[in-house]
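Residue-level structural notes
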Amino acid sequence: MGEKIKEKAVHKKKRITGTAALLGIIVLVYLIFYILEPTRFGSPRSVFILFQQSLIYSIAGCGCYFIIAMGLFDFSLGANIILSALIGCKLSSAYGYAGLILGCLLMGAVIGAVNGALYLKFRIPSIIVTVGLMMIYECIGVFMAGDTTNKLKPEIKLLGQAPYNLYVALIAFLAAVILLYGTKMGVYVRAIGRNELMARNMGVDTDRYKFLGFLLCGIFAGITGMLTISYTSTMIPVQGMSSMARNFQPIMGCFVGLAFKKYINPVFSIIAAEFMISMIVSGVMTNGLDSTLQDCIIGMILLIIVIIMAGEERRSHAAVK
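We now turn to the structure provided with this report. (Residues numbered from 1 in each chain as written. Predicted model: local features only at pLDDT ≥ 70, side-chain atom pairs only at ≥ 80, totals over all residues. Heavy atoms only, no water.)

1. Re the environment of lysine 157
Examined against the element boundaries, lysine 157 turns out to sit in the loop between β1 (150–151) and α5 (164–181). A residue is classified by how much of its surface remains accessible, and lysine 157, at 25% relative accessible area, is partly exposed. Setting aside anything within four residues of it in sequence, one finds lysine 157 in contact with Tyr97, Leu152, Ser230 and Ser233. (Helix = DSSP H or I, 4+ residues; strand = E, 2+ residues; numbered from the N terminus. Buried < 20%, exposed > 50% of the residue type's maximum accessible area, 1.4 Å probe, protein only. Contact = heavy atoms within 4.5 Å.)

So, in C-alpha coordinates, the structure goes:
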(Lines give C-alpha, C1' and ligand atoms only; values in the text may rest on other atoms or scores of the structure.)
Protein backbone atom coordinates (compact mmCIF):
# COMPACT_ATOMS: atom_id res chain seq x y z
CA MET A 1 0.00 0.00 0.00
CA GLY A 2 2.82 2.35 0.93
CA GLU A 3 4.61 1.64 -2.35
CA LYS A 4 1.49 2.55 -4.38
CA ILE A 5 1.08 5.83 -2.52
CA LYS A 6 4.73 6.59 -3.13
CA GLU A 7 4.41 5.81 -6.84
CA LYS A 8 1.32 8.05 -7.14
CA ALA A 9 3.16 10.90 -5.42
CA VAL A 10 6.13 10.51 -7.77
CA HIS A 11 3.82 10.38 -10.81
CA LYS A 12 2.01 13.53 -9.68
CA LYS A 13 5.32 15.30 -9.16
CA LYS A 14 6.41 14.26 -12.66
CA ARG A 15 3.24 15.71 -14.17
CA ILE A 16 3.70 19.00 -12.35
CA THR A 17 7.40 19.18 -13.23
CA GLY A 18 6.78 18.32 -16.89
CA THR A 19 3.97 20.85 -17.27
CA ALA A 20 5.98 23.56 -15.54
CA ALA A 21 9.04 22.86 -17.69
CA LEU A 22 7.12 23.06 -20.96
CA LEU A 23 5.15 26.19 -20.03
CA GLY A 24 8.30 27.77 -18.58
CA ILE A 25 10.18 27.32 -21.86
CA ILE A 26 7.28 28.86 -23.80
CA VAL A 27 7.16 31.88 -21.47
CA LEU A 28 10.94 32.26 -21.70
CA VAL A 29 10.85 32.24 -25.51
CA TYR A 30 8.08 34.85 -25.48
CA LEU A 31 9.94 37.12 -23.05
CA ILE A 32 13.23 36.95 -24.97
CA PHE A 33 11.68 38.06 -28.26
CA TYR A 34 9.38 40.58 -26.56
CA ILE A 35 12.34 42.24 -24.83
CA LEU A 36 14.30 42.33 -28.10
CA GLU A 37 11.44 43.90 -30.10
CA PRO A 38 8.55 45.03 -27.84
CA THR A 39 6.90 47.21 -30.50
CA ARG A 40 6.59 44.51 -33.16
CA PHE A 41 6.33 41.27 -31.21
CA GLY A 42 4.08 39.98 -28.47
CA SER A 43 0.90 42.04 -28.70
CA PRO A 44 -2.30 40.14 -27.77
CA ARG A 45 -3.53 40.30 -31.37
CA SER A 46 -0.26 38.99 -32.86
CA VAL A 47 -0.06 36.22 -30.25
CA PHE A 48 -3.62 35.14 -31.10
CA ILE A 49 -2.75 35.08 -34.82
CA LEU A 50 0.33 32.98 -34.05
CA PHE A 51 -1.80 30.62 -32.00
CA GLN A 52 -4.25 30.17 -34.89
CA GLN A 53 -1.38 29.46 -37.28
CA SER A 54 0.19 26.98 -34.87
CA LEU A 55 -3.08 25.05 -34.56
CA ILE A 56 -2.77 24.02 -38.21
CA TYR A 57 0.63 22.45 -37.52
CA SER A 58 -0.67 20.96 -34.26
CA ILE A 59 -3.32 18.95 -36.10
CA ALA A 60 -0.68 17.51 -38.44
CA GLY A 61 1.55 16.83 -35.43
CA CYS A 62 -1.23 14.87 -33.71
CA GLY A 63 -1.63 12.78 -36.86
CA CYS A 64 2.12 12.09 -36.95
CA TYR A 65 2.01 10.95 -33.34
CA PHE A 66 0.01 7.83 -34.23
CA ILE A 67 2.88 6.49 -36.35
CA ILE A 68 5.95 8.09 -34.76
CA ALA A 69 4.94 6.62 -31.39
CA MET A 70 5.28 3.21 -33.08
CA GLY A 71 8.73 4.04 -34.50
CA LEU A 72 7.50 4.87 -38.02
CA PHE A 73 7.77 8.02 -40.14
CA ASP A 74 5.73 9.64 -42.89
CA PHE A 75 7.85 11.94 -45.03
CA SER A 76 4.97 12.38 -47.48
CA LEU A 77 3.05 14.44 -44.90
CA GLY A 78 3.71 17.76 -46.63
CA ALA A 79 2.81 16.36 -50.05
CA ASN A 80 -0.39 14.96 -48.53
CA ILE A 81 -1.31 18.37 -47.12
CA ILE A 82 -0.73 20.06 -50.47
CA LEU A 83 -2.53 17.43 -52.59
CA SER A 84 -5.48 17.26 -50.17
CA ALA A 85 -5.79 21.06 -50.27
CA LEU A 86 -5.66 21.05 -54.09
CA ILE A 87 -8.38 18.38 -54.36
CA GLY A 88 -10.56 20.15 -51.79
CA CYS A 89 -10.10 23.45 -53.59
CA LYS A 90 -11.14 22.00 -56.94
CA LEU A 91 -14.18 20.21 -55.53
CA SER A 92 -15.24 23.32 -53.61
CA SER A 93 -15.78 25.13 -56.91
CA ALA A 94 -18.63 22.74 -57.70
CA TYR A 95 -19.86 21.59 -54.31
CA GLY A 96 -18.98 24.40 -51.90
CA TYR A 97 -18.06 23.50 -48.33
CA ALA A 98 -19.09 19.87 -48.85
CA GLY A 99 -16.55 19.53 -51.66
CA LEU A 100 -13.83 21.25 -49.66
CA ILE A 101 -14.31 19.18 -46.50
CA LEU A 102 -14.92 15.80 -48.12
CA GLY A 103 -12.27 16.34 -50.79
CA CYS A 104 -9.56 17.11 -48.23
CA LEU A 105 -10.55 14.36 -45.81
CA LEU A 106 -10.96 11.64 -48.45
CA MET A 107 -7.73 12.55 -50.24
CA GLY A 108 -5.84 12.54 -46.95
CA ALA A 109 -7.35 9.17 -46.02
CA VAL A 110 -6.53 7.64 -49.42
CA ILE A 111 -2.90 8.78 -49.20
CA GLY A 112 -2.62 7.49 -45.64
CA ALA A 113 -4.08 4.13 -46.67
CA VAL A 114 -1.73 3.84 -49.65
CA ASN A 115 1.27 4.66 -47.44
CA GLY A 116 0.29 2.05 -44.87
CA ALA A 117 -0.54 -0.64 -47.44
CA LEU A 118 2.72 -0.24 -49.37
CA TYR A 119 4.80 -0.13 -46.20
CA LEU A 120 3.26 -3.41 -45.00
CA LYS A 121 3.37 -4.99 -48.46
CA PHE A 122 7.07 -4.44 -49.17
CA ARG A 123 8.39 -4.51 -45.59
CA ILE A 124 10.95 -1.79 -46.18
CA PRO A 125 11.63 1.19 -43.86
CA SER A 126 8.76 3.66 -43.70
CA ILE A 127 11.12 6.56 -44.46
CA ILE A 128 12.09 5.03 -47.82
CA VAL A 129 8.48 4.20 -48.74
CA THR A 130 7.10 7.63 -47.87
CA VAL A 131 9.96 9.57 -49.50
CA GLY A 132 9.29 7.74 -52.77
CA LEU A 133 5.55 8.27 -52.45
CA MET A 134 6.10 11.94 -51.59
CA MET A 135 7.72 12.49 -55.00
CA ILE A 136 4.81 10.70 -56.70
CA TYR A 137 2.23 12.81 -54.83
CA GLU A 138 4.10 15.97 -55.79
CA CYS A 139 3.99 14.94 -59.45
CA ILE A 140 0.26 14.20 -59.23
CA GLY A 141 -0.32 17.66 -57.78
CA VAL A 142 1.67 19.33 -60.55
CA PHE A 143 -0.02 17.33 -63.34
CA MET A 144 -3.44 17.98 -61.86
CA ALA A 145 -3.05 21.69 -61.18
CA GLY A 146 -0.16 22.71 -63.40
CA ASP A 147 2.03 25.59 -62.29
CA THR A 148 -0.95 27.84 -61.63
CA THR A 149 -2.09 28.98 -58.22
CA ASN A 150 -5.26 27.31 -57.00
CA LYS A 151 -7.41 29.87 -55.24
CA LEU A 152 -10.33 29.22 -52.91
CA LYS A 153 -13.46 31.28 -53.52
CA PRO A 154 -13.91 34.11 -50.97
CA GLU A 155 -17.29 32.74 -49.85
CA ILE A 156 -15.70 29.39 -48.88
CA LYS A 157 -12.89 30.73 -46.65
CA LEU A 158 -14.82 30.69 -43.38
CA LEU A 159 -12.95 27.68 -41.96
CA GLY A 160 -9.72 29.65 -42.03
CA GLN A 161 -11.04 32.33 -39.66
CA ALA A 162 -11.82 32.43 -35.96
CA PRO A 163 -13.86 31.00 -34.38
CA TYR A 164 -14.51 28.36 -37.06
CA ASN A 165 -10.89 27.27 -37.37
CA LEU A 166 -10.82 26.89 -33.58
CA TYR A 167 -13.89 24.65 -33.72
CA VAL A 168 -12.28 22.41 -36.36
CA ALA A 169 -9.05 22.23 -34.36
CA LEU A 170 -10.93 21.42 -31.15
CA ILE A 171 -12.79 18.56 -32.85
CA ALA A 172 -9.50 17.19 -34.22
CA PHE A 173 -7.78 17.40 -30.82
CA LEU A 174 -10.70 15.75 -29.01
CA ALA A 175 -10.68 12.96 -31.59
CA ALA A 176 -6.93 12.46 -31.05
CA VAL A 177 -7.34 12.33 -27.25
CA ILE A 178 -10.23 9.85 -27.49
CA LEU A 179 -8.32 7.64 -29.92
CA LEU A 180 -5.19 7.69 -27.77
CA TYR A 181 -6.83 7.20 -24.38
CA GLY A 182 -10.32 5.86 -24.98
CA THR A 183 -9.82 3.11 -27.56
CA LYS A 184 -7.72 0.02 -28.21
CA MET A 185 -5.89 2.02 -30.86
CA GLY A 186 -4.13 4.15 -28.27
CA VAL A 187 -3.31 1.18 -26.04
CA TYR A 188 -1.77 -0.78 -28.90
CA VAL A 189 0.10 2.22 -30.31
CA ARG A 190 1.85 2.59 -26.95
CA ALA A 191 2.42 -1.16 -26.69
CA ILE A 192 3.97 -1.40 -30.16
CA GLY A 193 6.12 1.64 -29.46
CA ARG A 194 7.46 0.14 -26.23
CA ASN A 195 8.14 -3.35 -27.56
CA GLU A 196 6.65 -4.54 -30.85
CA LEU A 197 7.75 -8.17 -30.41
CA MET A 198 6.15 -8.38 -26.98
CA ALA A 199 2.96 -6.78 -28.28
CA ARG A 200 2.82 -9.33 -31.11
CA ASN A 201 3.38 -12.21 -28.70
CA MET A 202 0.48 -10.92 -26.61
CA GLY A 203 -1.83 -11.26 -29.62
CA VAL A 204 -1.79 -7.69 -30.96
CA ASP A 205 -2.24 -7.50 -34.73
CA THR A 206 0.65 -5.06 -35.18
CA ASP A 207 0.22 -4.79 -38.96
CA ARG A 208 -3.39 -3.74 -38.55
CA TYR A 209 -2.59 -0.99 -36.10
CA LYS A 210 0.34 0.25 -38.14
CA PHE A 211 -1.99 0.54 -41.12
CA LEU A 212 -4.56 2.37 -38.98
CA GLY A 213 -1.78 4.66 -37.76
CA PHE A 214 -0.90 5.66 -41.32
CA LEU A 215 -4.60 6.06 -42.13
CA LEU A 216 -5.14 8.40 -39.18
CA CYS A 217 -2.00 10.34 -40.04
CA GLY A 218 -3.41 10.82 -43.55
CA ILE A 219 -6.82 11.97 -42.28
CA PHE A 220 -5.23 14.52 -39.94
CA ALA A 221 -3.06 15.71 -42.85
CA GLY A 222 -6.27 16.16 -44.86
CA ILE A 223 -7.73 18.32 -42.07
CA THR A 224 -4.49 20.32 -42.06
CA GLY A 225 -4.74 20.82 -45.81
CA MET A 226 -8.33 22.02 -45.43
CA LEU A 227 -7.42 24.60 -42.79
CA THR A 228 -4.26 25.64 -44.67
CA ILE A 229 -6.01 26.55 -47.89
CA SER A 230 -8.90 28.10 -45.94
CA TYR A 231 -6.41 30.31 -44.08
CA THR A 232 -4.16 31.27 -47.01
CA SER A 233 -6.88 30.91 -49.71
CA THR A 234 -4.26 29.64 -52.18
CA MET A 235 -2.18 26.52 -52.76
CA ILE A 236 0.66 26.08 -55.24
CA PRO A 237 1.77 22.56 -56.25
CA VAL A 238 5.48 21.87 -55.75
CA GLN A 239 8.00 19.30 -56.90
CA GLY A 240 11.63 18.30 -56.31
CA MET A 241 10.87 17.22 -52.72
CA SER A 242 9.97 20.82 -51.80
CA SER A 243 6.92 19.58 -49.88
CA MET A 244 9.27 18.29 -47.17
CA ALA A 245 9.41 21.84 -45.82
CA ARG A 246 5.89 21.27 -44.49
CA ASN A 247 7.04 18.18 -42.56
CA PHE A 248 9.43 19.97 -40.26
CA GLN A 249 7.21 21.83 -37.81
CA PRO A 250 4.59 19.08 -37.23
CA ILE A 251 7.29 16.44 -36.67
CA MET A 252 9.21 18.70 -34.26
CA GLY A 253 6.04 19.23 -32.23
CA CYS A 254 5.45 15.48 -32.27
CA PHE A 255 8.95 14.86 -30.89
CA VAL A 256 8.15 17.18 -27.97
CA GLY A 257 4.91 15.25 -27.43
CA LEU A 258 6.94 12.03 -27.24
CA ALA A 259 9.43 13.61 -24.83
CA PHE A 260 6.62 14.64 -22.47
CA LYS A 261 4.30 11.67 -22.92
CA LYS A 262 4.99 10.32 -19.41
CA TYR A 263 4.20 13.69 -17.87
CA ILE A 264 1.53 15.41 -19.97
CA ASN A 265 -1.10 14.38 -22.48
CA PRO A 266 0.85 14.34 -25.79
CA VAL A 267 -1.88 16.29 -27.59
CA PHE A 268 -1.44 19.18 -25.15
CA SER A 269 2.36 18.92 -25.50
CA ILE A 270 2.11 19.05 -29.30
CA ILE A 271 -0.16 22.13 -29.20
CA ALA A 272 2.21 23.89 -26.80
CA ALA A 273 5.29 22.94 -28.83
CA GLU A 274 3.81 24.11 -32.14
CA PHE A 275 2.86 27.43 -30.54
CA MET A 276 6.41 27.81 -29.22
CA ILE A 277 7.91 27.04 -32.65
CA SER A 278 5.57 29.58 -34.30
CA MET A 279 6.72 32.19 -31.77
CA ILE A 280 10.36 31.45 -32.58
CA VAL A 281 9.76 31.79 -36.32
CA SER A 282 7.87 35.05 -35.81
CA GLY A 283 10.43 36.38 -33.31
CA VAL A 284 13.32 35.73 -35.69
CA MET A 285 11.50 37.54 -38.50
CA THR A 286 10.39 40.57 -36.47
CA ASN A 287 13.91 41.06 -35.11
CA GLY A 288 15.42 40.93 -38.58
CA LEU A 289 17.63 38.00 -37.70
CA ASP A 290 18.98 35.44 -40.15
CA SER A 291 16.24 32.89 -40.83
CA THR A 292 18.72 30.04 -40.40
CA LEU A 293 18.86 30.93 -36.70
CA GLN A 294 15.33 29.65 -36.14
CA ASP A 295 16.37 26.07 -36.93
CA CYS A 296 19.33 26.37 -34.55
CA ILE A 297 17.13 27.77 -31.78
CA ILE A 298 14.42 25.15 -32.24
CA GLY A 299 17.02 22.36 -32.30
CA MET A 300 18.67 23.66 -29.14
CA ILE A 301 15.33 23.92 -27.33
CA LEU A 302 14.41 20.37 -28.36
CA LEU A 303 17.73 19.09 -26.99
CA ILE A 304 17.22 21.02 -23.75
CA ILE A 305 13.74 19.55 -23.34
CA VAL A 306 14.99 15.99 -23.92
CA ILE A 307 17.90 16.49 -21.48
CA ILE A 308 15.60 17.93 -18.79
CA MET A 309 13.08 15.13 -19.17
CA ALA A 310 15.76 12.43 -19.21
CA GLY A 311 17.24 13.83 -15.99
CA GLU A 312 13.83 14.01 -14.35
CA GLU A 313 13.14 10.41 -15.38
CA ARG A 314 16.35 9.24 -13.73
CA ARG A 315 15.54 11.17 -10.55
CA SER A 316 12.01 9.71 -10.49
CA HIS A 317 13.30 6.14 -10.78
CA ALA A 318 15.74 6.84 -7.96
CA ALA A 319 12.93 8.22 -5.79
CA VAL A 320 10.77 5.13 -6.35
CA LYS A 321 13.66 2.84 -5.42
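2. Here we look at the pattern of salt bridges
All chains considered together, the criterion is met by 3 salt bridges. For lysine 210, the salt bridge identified is with glutamate 196, shortest N-O distance 2.8 Å. Taken together, the residues span a long stretch of sequence, with lysine 210 in helix α8 (residues 206–232) and glutamate 196 in helix α7 (residues 196–201) at a distance of 14 residues. Taking relative accessible area as the criterion, lysine 210 reaches 5% and is therefore assigned buried. Since its relative accessible area comes to 24%, glutamate 196 is described here as partly exposed. Within this structure, Glu196, Arg200 and Lys210 form a network of salt bridges that share partners. (Salt bridge = Lys/Arg side-chain N within 4 Å of Asp/Glu carboxyl O.)

3. Let's talk about the environment of isoleucine 223
Turning to its location among the elements, isoleucine 223 is positioned in helix α8. When residues no more than four places from it in sequence are discounted, the contact partners of isoleucine 223 are Ile59, Leu105, Val168 and Ala172.

4. Examining the nonpolar core
Core analysis: the largest hydrophobic core is formed by 55 residues, its most contacted members being Ile59, Leu100 and Phe173. Of all elements in the fold, only α2 (44–68), α3 (77–122), α5, α6 (184–194), α8, α9 (248–259) and α10 (266–286) reach the threshold of two or more residues within this core. Ignoring anything within four residues of it in the chain, the contact list for phenylalanine 173 reads Leu55, Ser58, Ile59, Cys62, Val267 and Ile271. (Core = buried A, V, L, I, M, F, W, Y, C linked by side-chain atoms within 4.5 Å.)

5. Observations regarding the packing of aromatic side chains
Applying the stated rule across the entire model yields 10 aromatic pairs. Arranged with centres 5.9 Å apart and planes meeting at 50°, the rings of phenylalanine 66 and phenylalanine 220 form a pair that is tilted. In this pair, phenylalanine 66 sits in helix α2 while phenylalanine 220 sits in helix α8, placing the two residues 154 residues apart along the sequence. Relative to tyrosine 167, the ring of tyrosine 164 has its centre 6.2 Å away and its plane inclined at 90°; by these criteria the two rings are edge-to-face. (Phe/Tyr/Trp six-rings, centres within 6.5 Å; stacked < 30°, edge-to-face > 60°.)

6. Quick notes on the state of the cysteines
Scanning the model with the defined rule gives 0 disulfides in all. The thiol of cysteine 62 is not disulfide-bonded; the next cysteine sulfur, from cysteine 254, is found 8.3 Å away. Cysteine cysteine 254 shares no disulfide, and the gap to the nearest cysteine sulfur, in cysteine 64, comes to 5.7 Å. (Disulfide = S-S within 2.5 Å.)

7. Looking at a nonpolar patch on the surface
On the surface, a nonpolar cluster with roughly 380 Å² of combined accessible area is contributed by Val27, Leu31, Tyr34 and Ile35. Residue position: isoleucine 35 is located in helix α1 (residues 2–36). (Patch = residues over 30% accessible without salt bridge, like charges linked within 9 Å, V, L, I, M, F, W, Y side chains within 5 Å. Areas by Shrake-Rupley, 256 points an atom, 1.4 Å probe, with all protein chains shown as cover.)

8. Quick notes on the packing of α5 against α10
At a minimum axis distance of 9 Å, the contact between α5 and α10 shows a crossing angle of 145°. Along its contact with α5, which presents Phe173, Ala176, Val177, Leu180 and Tyr181, the element α10 presents Pro266, Val267 and Ile271. Per-class residue counts for the contact of α5 with α10 are 8 nonpolar, no polar and no charged. (Axes fitted to C-alpha atoms, helices over the stretch in contact; angles between N-to-C directions. Nonpolar A, V, L, I, M, F, W, Y, C, P; charged D, E, K, R; others polar.)

9. Topic: the packing of α6 against α8
Between α6 and α8, whose axes approach to 10 Å, the crossing angle comes to 110°. Compared by their axis directions, α6 and α8 come out roughly perpendicular. Together, Lys184, Met185, Tyr188 and Ile192 of α6 and Thr206, Tyr209, Lys210, Leu212, Gly213 and Leu216 of α8 make up the contact between the two elements. (Parallel < 35°, antiparallel > 145°, perpendicular 65-115°, else oblique.)

Purely spatial values, then, with no claim about function.
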